[in-house]
Amino acid sequence: SLHERRLRNKTASAKYRAKKNQQYGEMRSMISSLTKENELLLRQLDHVQHENGHLKATCDRLRGKIMAQKMLKQYLVDSEQQSL
């Protein structure tokens, strides 16, 4: 009958709305979780980039010291050869 059909439709609509609300809730939860994870990853990236900058500076200083030692050694060898 018409009443039964309306009742089934009402029940189906309520079920559909409940399912959609659950899906929206799950999506909101996932968005929140992914946002937090993204923020953590961005902080980690910032930290690693900062550390990388320090390491590059250290490498540059060490390269400079190595180059200075090589130049000094070569200078001393050249000076010794000139004095002979």
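As a starting point, this report considers the structure included with it. Everything numeric in this text was worked out from a predicted model, so none of it was measured. (Residues numbered from 1 in each chain as written. Predicted model: local features only at pLDDT ≥ 70, side-chain atom pairs only at ≥ 80, totals over all residues. Heavy atoms only, no water.)

A closer look at the overall build of the protein
Within the protein one finds 1 helix and 0 strands. Over its C-alpha trace the protein gives a radius of gyration of 36 Å, far above what one expects of a compact globule, namely 12 Å for 84 residues. Along the longest, intermediate and shortest principal axes, the C-alpha atoms of the protein span 120 × 15 × 5 Å. The buried share of the protein, reckoned over its 84 residues, is 0%. Of note, the protein has its 17 positive side-chain charges centred 19 Å away from the centre of its 9 negative side-chain charges. (Helix = DSSP H or I, 4+ residues; strand = E, 2+ residues; numbered from the N terminus. Rg over C-alpha atoms; globule rule 2.2 N^0.38 Å. Buried < 20%, exposed > 50% of the residue type's maximum accessible area, 1.4 Å probe, protein only. Lys, Arg positive; Asp, Glu negative; His and termini not counted. Charge placed at Lys NZ, Arg CZ, Asp CG, Glu CD.)

Remarks on a nonpolar patch on the surface
Residues Tyr24, Met27 and Ile31 make up a contiguous nonpolar surface patch of about 330 Å² in total accessible area. Following the sequence through the fold, Ile31 ends up in helix 1 (residues 2-83). Since its relative accessible area comes to 54%, Ile31 is described here as exposed. (Patch = residues over 30% accessible without salt bridge, like charges linked within 9 Å, V, L, I, M, F, W, Y side chains within 5 Å. Areas by Shrake-Rupley, 256 points an atom, 1.4 Å probe, with all protein chains shown as cover. Salt bridge = Lys/Arg side-chain N within 4 Å of Asp/Glu carboxyl O.)

A word on the pattern of salt bridges
Using the criterion set out here, one finds 1 salt bridge in the structure. As a salt-bridge pair, Asp60 and Arg63 come within 3.0 Å of each other at their nearest N and O atoms. Here the residue Asp60 and the residue Arg63 both occupy positions in helix 1, the gap between them amounting to 3 residues, near one helical turn. Judged by its relative accessible area of 55%, Arg63 is exposed.

Digging into the environment of Asp46
When you line up the elements, Asp46 lands in helix 1. With relative accessibility at 51%, the residue Asp46 sits in the exposed group.

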